Amino acid sequence: MNMQEYIQEAEETLLHTYNRYQVVLDRGEGVYLYDTDGIKYLDFASGIGVFALGYNNQEYNRALKGQIDKLLHTSNYYYNVPAVRAAKKLTAASGMDRVFFTNSGAEAIEGALKAARKYAYRRDGSADHEIIAMNHSFHGRTFGALSVTGNPKYREPFEPMIGNIRFADLNDIESVKKQITEKTCAVLLEPVQGEGGIIPAEEDFLKEVRRICQERDILLILDEIQCGMGRTGHLYAWQRYGVKPDILTTAKALGCGVPVGAFLMTEKVAAASLEAGDHGTTYGGNPFVCTAVEKVLDLFQENHIIEHVGEVAPYLENCLDALKEKYDCILERRGVGLMQGLVFDRPVKDIIDRALEEGLILINAGENVIRFLPPLIVSRANIDEMADILESCIEPDEER
Ligand SMILES: *Cc1c(COP(=O)(O)O)cnc(C)c1O
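In this report, the structure presented in the accompanying data block is examined. Since we're looking at a predicted model, the values are computed, not measured.

Rules used in this analysis
Residues numbered from 1 in each chain as written. Predicted model: local features only at pLDDT ≥ 70, side-chain atom pairs only at ≥ 80, totals over all residues. Heavy atoms only, no water. Axes fitted to C-alpha atoms, helices over the stretch in contact; angles between N-to-C directions. Helix = DSSP H or I, 4+ residues; strand = E, 2+ residues; numbered from the N terminus. Left-handed = near helix turned anticlockwise from the far one by under 90°. Contact = heavy atoms within 4.5 Å. Nonpolar A, V, L, I, M, F, W, Y, C, P; charged D, E, K, R; others polar. Buried < 20%, exposed > 50% of the residue type's maximum accessible area, 1.4 Å probe, protein only. Arc of directions from axis to C-beta. Salt bridge = Lys/Arg side-chain N within 4 Å of Asp/Glu carboxyl O. Pairing = 2+ DSSP bridges. Phe/Tyr/Trp six-rings, centres within 6.5 Å; stacked < 30°, edge-to-face > 60°. Lys NZ or Arg CZ within 6 Å of the ring centre and 35° of its normal.

1. Section: the packing of helix α4 (residues 81-94) against helix α12 (residues 287-302)
- Running from amino to carboxyl end, α4 crosses α12 at an angle of 35 degrees, the nearest separation of the two axes being 8 Å. Between α4 and α12 lies a crossing of left-handed hand. The residues of α12 that touch α4, namely those facing Pro-82, Ala-83, Arg-85, Ala-86, Lys-89 and Leu-90, are Pro-287, Cys-290, Thr-291, Val-293, Glu-294, Leu-297 and Asp-298.
- Across the contact of α4 with α12, the residue classes tally to eight nonpolar, one polar and four charged.

Laid out in structure tokens, this is it:
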């Protein structure tokens, strides 16, 4: 079948929950993807921040193939070696003490919310606790995760949500204080909001939220599903800010292509929240995905991925700043590390569509923001190539 036929068949069988770009991706190599017609694309989205190590990494593939021939799944009634190894490396690298592996980001959020409510329940001997989340946040599509997602458009058709969620504004400490009550058990936020438009938290704000949480025995949950795993130039963004959460969620690049997420916590929370029987998953943390997690963490170290991000990210920032200087329609560049956004004065859909036709994959974050989430192995030459194509997709009359 040719590409158009695949697309037509997809639209006849898949549930239409996405307006997909008109391309059928077939294989990848490094920072490039190829469609079923053999056309090559430079990828600055990496499957929404998943393929940190790029496509078709041979060492990663070998590790997974080896595990396929050994054991794919056991269920969580038994121990397995890859889970033990992955847990040890992930807790050490993230600075957290205990981990629960999930199949997705949304499930990591679900677990984090349950752990926070159980912690307060055991402390107070009663339920009915509240969680504060941020406006413009995104935490996933399941009911719990949707309930804390600060975008009414996503929530409305599915109401009622889970109860006792209050919303505050990121970087507005007074708005957080206003939402705190006797019942507050957790504050949840993304250190860098992703879907909401690439909006970094300010260090002073995060530190003040941390201080208030400490003072009132409120748990701080940081959602690092998008901004974690090296993207900000630290393995986790909290390490950049020096603001340690009580509970941390991670997914996306954690498995670099296999469906795995996790929520992690400090020993203090672990000892006083979820107990045997409180939470579970059939697939979560199976030998296959944990082999991926362990290999990804090893490859991050061996290939000095974090250091590389520190080196190329300023180059990407400079490139994007130069575009902003040149074009009237670009209002702002914002972001941290290799998680960047260009804010336009208009919807960016046309530019992204044109870029795809020119062989560049980009995604948006809200209507007016182009989001840049390249594989973390991206080179300066790749960044130059991206900037050239992007520029060719911005109308000349948009020049300053
Ligand atoms: C993608 C994302 C999620 C949801 O992850 P899924 O794996 O799609 O369920 C949650 N939080 C943030 C910050 C995300 O970027």
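2. Here's the deal with helix α14 (residues 349-357)
- Listed as buried for α14 are Ile-351, Ile-352, Ala-355 and Leu-356. An end-on view of α14 places all buried positions within 140 degrees of arc, on one side of the element. Relative to its buried face, α14 has exposed residues pointing more than 90 degrees away, namely Lys-349 and Glu-357.
- In the core, the buried residues of α14 are packed alongside β3 (40-43), β14 (339-344), β15 (360-361), β16 (363-364), β17 (369-372) and α15 (380-393).
- Downstream of α14 by one or two residues, Gly-359 has phi in the positive range, about 90 degrees.

3. Some words on the environment of Pro-200
- By the element assignment, Pro-200 lies in strand β9 (residues 199-200).
- The spatial distance from the C-alpha of Pro-200 to the C-alpha of Gln-8 is 39 Å, given a sequence separation of 192 residues.
- Ignoring any residue separated from it by four or fewer positions in sequence, one finds Pro-200 in contact with Leu-170, Asn-171, Pro-191, Val-192, Tyr-241, Gly-335 and Val-336.

4. What about the pattern of salt bridges?
- For the structure on display, the rule yields 27 salt bridges.
- Between Lys-118 and Glu-275 there is a salt bridge; the shortest N-O distance is 2.7 Å. Of this pair, Lys-118 sits in helix α5 (residues 105-124) while Glu-275 sits in the loop between α11 (267-270) and α12, and the two are 157 residues apart along the sequence.
- The exposure class assigned to Lys-118 is buried, which follows from its relative accessible area of 15%.
- Look at Glu-275 and you get partly exposed, because its relative accessible area is 42%.

5. Concerning the environment of Ala-355
- Mapped onto the elements, Ala-355 comes out in helix α14.
- Ignoring anything within four residues of it in the chain, the contact list for Ala-355 reads Leu-360, Leu-362, Ile-389 and Cys-393.

6. Focus on the sheet that holds strand β6 (residues 165-168)
- Strand order in the open sheet formed by seven strands is β4-β12-β11-β10-β7-β5-β6, and the pairing between neighbours is mixed. The open sheet has two edge strands with one neighbour each: β4 (98-102) and β6. On average, adjacent strands in this sheet sit at an angle of 20 degrees to one another, irrespective of strand direction.
- Here strand β10 (residues 219-223) pairs with strand β11 (residues 247-250) via three bridges, running parallel.

7. Some points on the packing of aromatic side chains
- On inspection of all chains with the given rule, the structure shows three aromatic pairs.
- Pairing Phe-100 with Phe-263 gives two aromatic rings, centres 5.1 Å apart and planes at 25 degrees, and the pair type is stacked. Taken together, the residues span a long stretch of sequence, with Phe-100 in strand β4 and Phe-263 in strand β12 (residues 261-265) at a distance of 163 residues.
- Positioned above the aromatic ring of Tyr-34 is the side chain of Arg-27, whose terminal nitrogen or guanidinium carbon lies 4.0 Å from the ring centre.
- The ring of Tyr-32 has Lys-40 lying over it, and the distance from NZ or CZ to the ring centre is 4.3 Å.

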